[in-house]
Every structure is written in C-alpha cells, then in structure tokens.
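Structural description and commentary
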Amino acid sequence: MDVDTTRQNNRTDGGLYDDVVRQLMVLPKGVSLGDATYKDDFVRDTNIHTGNFAYKCRDTGTEYETVLVGEVLPRPCGTKLSAMGNHYVGTVSTPNLIDDKARVKAVLALGQPTQSTEMMYITFGNQIATLDDVIQSDIEELKRQNKDMNIKEWTAHAGTDQTGVPEYIIVNTEQLYAVPKAMQQALQGKRPRVTKKTINSSNDNSDNKTAESTSAEDTAPKENTHEPAMTTNTFYDPTVLPDYGGDLYHHVNVRLRQLDIRDVNNNLIAPQDWYSSLRRGTLVMIRATLHAFNWKERRVYQLNAHTIRVMDPSKLEMEPLDSQPNGAEYGTSAAGSKSRASDAMAGVQLGKRTRQD
C-alpha cells in the first residue's frame, strides 16, 4: 500500500492522531465506538415485523449512535465510492438497472491509520473489538438455538485467511439518490399549502400606491446574485458525479442527495468533490448507527454513516474511476438525528493542518 510521506507530523506522539483520540476519550461514556461496551452501553432491539436488528442505548432506549475514526482504504479493500456505489448490476442477460427504486449507497472501508501512534493504534483496535463483541454474542446465541446462518460482518480481513482478527471496518453511507419532497408531493397530486400574509396596518406608504399601480419595474423578477446555501436538503442533477451516465442508469424523478460529508473546517463538501476529498489515505471521523438484516439463512451487519468528517486530507494520488460491477448490500435510509454522537461530531475543534514535506 502506498504511504503518504508528508504525514510525518501525524506519526509523532502529541500530533494530530493523539489529538483526535483525546477528543474521543472525553465524549460521554459509550459514544466512542472503541470505548463502548455491548450490553452495557447499547443493546439489540428486534423489529417484530421484519426480524431485523437495531441497536439502542441501554439507558434511554433511543437509537444508538456512535463515533469512530479510521483511514479510508483503496478500492481493493472494499471502498465503493462511485455513482453506482454498492449496487449489484446483475448479468448481461439479466441486468439490474439503477432506477428510481434502487437503493444505492457508497461504501468506505476504514483501516488502521498509517504510522499510527500507540493511542491511535489501540483506539482503532478497540473499535473492531466492540463490533466483534456483537458478532461473537450472536454466534453463541445461534449455537444455543442450533441455527446455522451465513453471516456478513461489518468488519473484514485483509487477506483470504478469515480466522484471524479483522483489520477493516466497513461503513455504508446514506442513500445517494432520492426523490425530493416537493417532487414527491407533485407526483402524488399534492401542492404546497397556501399561506396567509400579515397586513401592514400602518399608513407609512408615502407614495400611496395600490397593488394595481405598482410599477412593472417593482414587480419584475430580480436576479438572485447569491447562490443558495448548501445544506443536507440540497439536491443535484446526478450528472455532477463524473462517472454517472450510461445504460445502467434509468433515473426519472430522483436526484443526487447532499450527504453530510464535511471538510476539516466542518463545511459541507459538494458531491463533485467527494471522490477527491475521500480518497485513499484520508483520515475521517464518522457518526454512525448499527444495524443487522436477517433472511432465512443469511444475516448482514451494517454500519450506516450519517456524518463523515475529514480530519486530515490525503495527498495520495486518486484512484481511477471504477466501472466494474459490484455485489449487493442491504440497508435502510436513516435521517440524521440530534444525539450525543451528533453533538460530539459538531464539537470537534481540530483545525486544518499543514503537513511538513
């Protein structure tokens, strides 16, 4: 794996790595994934309708949100940051097109940060240990029930040997594409509610104009010289992604969502800059929820990222855009919520650092 030699300041004790770890350590108990303990800080909750698992805070019963850190790994390790994301494209004879109903997510494989300090090394390992505790507990339960299931974990191994300790954490984003709410209402035959306006009762109109006498100059539309502020409610034409297009895509009403992906200054990153901002070698902090999806003989564990914060950009060369088919992943969309984990992410105070060449 390539190493960014300009990260010398991160490799020293007391540098950026240890600053990140210290901020994780001061979070409320159980918020940092490496600090959390399964069944003490968060517990499993089974959906009685689907049989799927969600994870809730043991004390409050609210959905458990956690904060984790890692380095974005290259595509061969499992990262799928592209317009097709984790979508399974099918075969030549039976293609699986990306239409308005397709649930497409990007995937980030996170690894131990390059040249980790001892504090960062232990923190990342503890994150994997927390996730593994959930898996091992469920495996013991399946053994007691004499059930055999094919399990896809939320961690992965670097090589073909699956018996050792996992090295990677696999994180899914929220859905890349969705139909904007206003368009949903239009498709359903609904229209926005007519709102009332307040009448100005004061007689301050020196020109004594009536509505009919307003000049054409006053009523002419004025050019908006300011672009609308980017928010997580912003939608884009999917073609802003450089690899979007071709026979695979059959979108009609969906648009590309502005995911909560932020730079070191906590500013949202526009979709056209996602690939460069989250290239291999980037150090990120992520707010995520935990899920498990059950079928008859298969269980898929999944971490869903709701906020991705770049802590230290990478200067490594970007990988070429990939157009190779993917395997399918499963998950649910989840809107961001106000929580201890959300507050923790917003409170990160690490400024942008200049690396020493």
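This section reports on the structure supplied with the text. Everything quoted here is computed from the prediction, not taken from an experiment.

So, the overall build of the chain
- Helices and strands together make up the secondary structure of the chain, namely seven helices and 15 strands.
- The burial tally for the chain puts 45% of its 357 residues in the buried class.
- Sequence-distant contacts in the chain: of pairs separated by 6 or more residues, those separated by 24 or more amount to 73%.
- For the chain, the computed accessible surface area is about 20,200 Å², with 48% contributed by carbon and sulfur atoms.

Examining the pattern of salt bridges
- Throughout the structure, instances matching the rule amount to ten salt bridges.
- The residue Lys29 makes a salt bridge to Asp41 at a minimum N-O spacing of 2.8 Å. Of this pair, Lys29 sits in the loop between helix H2 (16-25) and strand E1 (42-46) while Asp41 sits in the loop between H2 and E1, and the two are twelve residues apart along the sequence.
- The class for Lys29 is partly exposed, based on a relative accessible area of 48%.
- Assessed through its relative accessible area of 15%, Asp41 is described here as buried.
- A salt bridge links Arg44 to Glu141, with the shortest nitrogen-to-oxygen separation between them at 3.0 Å. You can see Arg44 sitting in strand E1 and its partner Glu141 sitting in helix H3 (residues 118-144), a full 97 residues away along the chain.

Some remarks on the side chain of Thr307
- Assignment of secondary structure puts Thr307 in strand E15 (residues 298-312).
- Within the structure, the side chain of Thr307 is placed 2.9 Å from the side chain of Asp260, a separation counted as a polar contact.

Quick look at the packing of H2 against H3
- At a minimum axis separation of 8 Å, H2 and H3 run at an interaxial angle of 50°. Judged by the angle between their axes, H2 and H3 are oblique. For the crossing formed where H2 meets H3, the hand is left-handed. Of the residues in H3, those touching H2 at Tyr17, Asp18, Val20, Val21, Arg22, Leu24 and Met25 are Met119, Met120 and Thr123.
- Among the residues forming the contact of H2 with H3, the class breakdown is seven nonpolar, one polar and two charged.

Looking at empty space enclosed by the protein
- Applying the stated rule across the entire model yields four cavities of 30 Å³ or more.
- A volume near 160 Å³ is recorded for the largest cavity.
- Along the wall of the largest cavity there are 14 residues; nearest its centre are Arg75, Leu81, Tyr275, Arg279 and Glu319.

As for the packing of aromatic side chains
- All chains considered together, the criterion is met by eight aromatic pairs.
- Judged by centre distance (4.5 Å) and plane angle (10°), the ring pair of Phe42 and Tyr64 falls under stacked. Of the two residues, Phe42 sits in strand E1 while Tyr64 sits in the loop between strand E2 (53-57) and strand E3 (65-72), which places them 22 residues apart along the sequence.
- Among the residues examined, Phe42 registers a relative accessible area of 0% and is labelled buried.
- Pairing Trp154 with Tyr301 gives two aromatic rings, centres 5.0 Å apart and planes at 55°, and the pair type is tilted. Pair noted here: Trp154 is in the loop between strand E6 (150-152) and strand E7 (155-156) and Tyr301 is in strand E15, with a separation of 147 residues, a long-range link. With respect to burial, Trp154 and Tyr301 carry one shared label: buried.
- Each residue in the set Tyr38, Phe42, Tyr55, Tyr64, Trp154 and Tyr301 is aromatic and connected to the rest through ring pairs, giving one cluster.

Let's talk about H3
- Taking 1.5 Å per residue as the helical rise, H3 with its 27 residues ought to reach 39 Å, and the 38 Å between its terminal C-alpha atoms agrees with that figure.
- Asn146 occupies a position one or two residues after H3 and carries a positive phi of about 55°.

Rules used in this analysis
- Residues numbered from 1 in each chain as written.
- Predicted model: local features only at pLDDT ≥ 70, side-chain atom pairs only at ≥ 80, totals over all residues.
- Heavy atoms only, no water.
- Helix = DSSP H or I, 4+ residues; strand = E, 2+ residues; numbered from the N terminus.
- Buried < 20%, exposed > 50% of the residue type's maximum accessible area, 1.4 Å probe, protein only.
- Contact = heavy atoms within 4.5 Å.
- Areas by Shrake-Rupley, 256 points an atom, 1.4 Å probe, with all protein chains shown as cover.
- Salt bridge = Lys/Arg side-chain N within 4 Å of Asp/Glu carboxyl O.
- Polar contact = N/O pair within 3.5 Å; in protein donor to acceptor, adjacent residues only side chain to side chain.
- Axes fitted to C-alpha atoms, helices over the stretch in contact; angles between N-to-C directions.
- Parallel < 35°, antiparallel > 145°, perpendicular 65-115°, else oblique.
- Left-handed = near helix turned anticlockwise from the far one by under 90°.
- Nonpolar A, V, L, I, M, F, W, Y, C, P; charged D, E, K, R; others polar.
- 1 Å grid on protein atoms, 1.4 Å probe; cavity = no way out; pocket = protein on both sides within 12 Å on 5 of 7 lines; lining within 4 Å.
- Points joined across faces, edges and corners; volume = space filled by probe spheres on them.
- Phe/Tyr/Trp six-rings, centres within 6.5 Å; stacked < 30°, edge-to-face > 60°.
- Expected span 1.5 Å × (residues − 1).

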